[in-house]
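# Observations on the three-dimensional arrangement
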Amino acid sequence: MEPATRDYLRRRFRAYYASTDVDLPPSAESREWGYIPWTAGGTTMVRHKSLFDLGDVATFLADEGPRHVYFSAATYRDPGAGTMDEKGWEGTDLVFDLDGDHLDGVDESTPYPAMLDACKEALLKLLDLLTDDLGFAEETLQVVFSGGRGYHVHVRDPSIRGLDSAARREIVDYLRAIDLDVDGLVRTASKDGTTRRVLKTEGGWGRRTHERLLSFVDDLRTMDDERAIERLREFDGIGEKRARTVLGALDSNPDAVAAGNLEAGGPGVRTLVEALADETVAAETAPIDEPVTTDLRRLIRFPGSLHGGTGLVVRRVPAAEVEAFDPLVDAVAEPFTGREIEVRVTEPGPVWGDRFRVEEGVVSVRECVGVFLLARERAEKT
């Protein structure tokens, strides 16, 4: 990146911070802070800073206009100490990171908006798991667009702040259904002296698998028998004979299936449930980045700051507004929307998917698009 481009971006980042109110996280004075300045030749982190070291955060940001700004998910007795051992760890928020380019079906050819859309779908799955399965109250969750390729979720529930890395890894394993044992979704129940295997329908992956089973059964009932048998035979381990037995059980004993009874319909029903459990995991798991959640000393992007690789705002998103949130509209910095600037494009092509397209050479573009191109090093400032 040329000096003129760095200088321009720093000036415009400073202007953004000068016009923006800063909303600090809870216990901000007990958190470590870090930032990356617009230095030549790299992105060296300046960290081990406390609020005492920075002074007033709003003034610091407006004066420095840093490239990236971070704060710790943890709180400490002495957050500005030079080593982690000296800081005196008190507890860490539970933080999840969803990164668009880590999702299945997303690669370098995926347009940026499509990547963000896929990441939002993963975010909605994560929020559903956190509230429905783990029981976190919605008001303890803070959703943040990262300004780059995905989202962060901060869980600020006092009950989990003291968890160690191993306990947090267990949470990750549950959310990602790592090594999920289908047998673990089944309990043994006795009725009238008869022992039977029954899906755990009360909660967790057992409930989710049961809901998929009921939905699948409802779909079968819309089909004629031959089409329903054909649909059942699509599952490994279910031939025509088993398919007819399963279909007969669904017709003759629907209450047993609705209750999650795996004995109704014999081995075919158990095979069907195992396959549906795999489908449930594939469709409903949240592909979170494990190291971010398990690292007790992780620094995370400061909401309200600018992402130095895009110029977009690291934007808080109320949980009720996640589905309607459009990062390429709602996370554009207001000071970058009122004028056009000239840049020299070095990497032509689409910007934000097909929303804009730039050719090589000097072009005039909206400043938010120009800042994006400059930050991505696809252009230089004229």
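Our subject is the structure listed above.
Remember, predicted model here, so these are calculated numbers, not experimental data.

Rules behind the numbers
- Residues numbered from 1 in each chain as written.
- Predicted model: local features only at pLDDT ≥ 70, side-chain atom pairs only at ≥ 80, totals over all residues.
- Heavy atoms only, no water.
- Pairing = 2+ DSSP bridges.
- Helix = DSSP H or I, 4+ residues; strand = E, 2+ residues; numbered from the N terminus.
- Buried < 20%, exposed > 50% of the residue type's maximum accessible area, 1.4 Å probe, protein only.
- Lys, Arg positive; Asp, Glu negative; His and termini not counted.
- Salt bridge = Lys/Arg side-chain N within 4 Å of Asp/Glu carboxyl O.
- Polar contact = N/O pair within 3.5 Å; in protein donor to acceptor, adjacent residues only side chain to side chain.
- Contact = heavy atoms within 4.5 Å.
- Axes fitted to C-alpha atoms, helices over the stretch in contact; angles between N-to-C directions.
- Parallel < 35°, antiparallel > 145°, perpendicular 65-115°, else oblique.
- Left-handed = near helix turned anticlockwise from the far one by under 90°.
- Nonpolar A, V, L, I, M, F, W, Y, C, P; charged D, E, K, R; others polar.

### A short note on the sheet that holds strand β8 (residues 150-155)
In space, the four strands of this open sheet follow the order β6-β8-β7-β12, with antiparallel pairing throughout. The strands lining the two open edges of the sheet, one partner per strand, are β6 (94-99) and β12 (316-317). As paired strands, β6 and β8 are joined by six bridges and run antiparallel to one another. The partner of Leu 98 across the bridge, within β8, is Tyr 151.

### Quick word on the side chain of Arg 301
Secondary-structure assignment places Arg 301 in strand β11 (residues 299-301). Although buried, Arg 301 forms no salt bridge, and the nearest oppositely charged side chain, Asp 97, lies 8.2 Å from it. Separated by 2.9 Å, the side chains of Arg 301 and His 68 make a polar contact. Among the polar contacts made by the side chain of Arg 301, one reaches the side chain of His 307 at a distance of 3.2 Å. Excluding residues that lie within four positions of it along the chain, Arg 301 makes contacts with His 68, Val 69, Tyr 70, Phe 71, Ser 146, His 152, His 307 and Val 314.

### Structural notes on the pattern of salt bridges
Using the criterion set out here, one finds 28 salt bridges in the structure. Measuring nitrogen to oxygen at the nearest pair gives 3.6 Å for the salt bridge that ties Glu 64 to Arg 10. Taken together, the residues Glu 64 in helix α3 (residues 57-64) and Arg 10 in helix α1 (residues 3-18) connect sequence positions 54 residues apart. In this structure Arg 10 comes out as partly exposed when scored by relative accessible area, which is 30%. A salt bridge links Asp 295 to Arg 298, with the shortest nitrogen-to-oxygen separation between them at 3.6 Å. Taking the relative accessible area as the measure of exposure, Asp 295 reaches 29% and is therefore partly exposed.

### Some thoughts on the sheet that holds β11
Ordered by their spatial adjacency, four strands build an open sheet running β2-β1-β3-β11, and the pairing between neighbours is antiparallel. The sheet terminates laterally at β2 (46-49) and β11, the two strands that pair on one side only. Across this sheet, the average inter-strand angle for adjacent strands is 25°, counted without regard to direction. Relative to β11, strand β3 (residues 68-72) is paired through three bridges, and the arrangement is antiparallel. Residue Phe 71 lies in a different strand from β11, and its bridge partner there is Ile 300.

### Some thoughts on the packing of helix α7 (residues 204-220) against helix α11 (residues 267-284)
At their nearest, the axes of α7 and α11 sit 9 Å apart, and the two run at 110° to each other. Classified by the angle between their axes, α7 and α11 sit roughly perpendicular to one another. Between α7 and α11 the crossing geometry is right-handed. Contact with α7, carried on its side by Trp 205, Arg 208, Thr 209, Arg 212, Leu 213 and Phe 216, involves Leu 272, Val 273, Leu 276, Ala 277, Glu 279, Thr 280, Val 281, Ala 283 and Glu 284 of α11 and no other residues of that element. A class-by-class count of the residues in the contact of α7 with α11 yields nine nonpolar, two polar and four charged.

### Some thoughts on unusual backbone geometry
Phi at Asp 179 takes a positive value of approximately 55°, unusual for a residue other than glycine. Relative to the helices and strands, Asp 179 is located in the loop between α6 (165-175) and β9 (186-191). For Asp 179, a relative accessible area of 75% puts it in the exposed group. Of note, the phi angle at Glu 377 is positive, near 60°, even though the residue is not glycine. Along the chain, the position of Glu 377 falls in the loop between α14 (367-375) and β17 (379-381). With a relative accessible area of 42%, Glu 377 lands in the partly exposed category.

In short, geometric facts, not functional conclusions.
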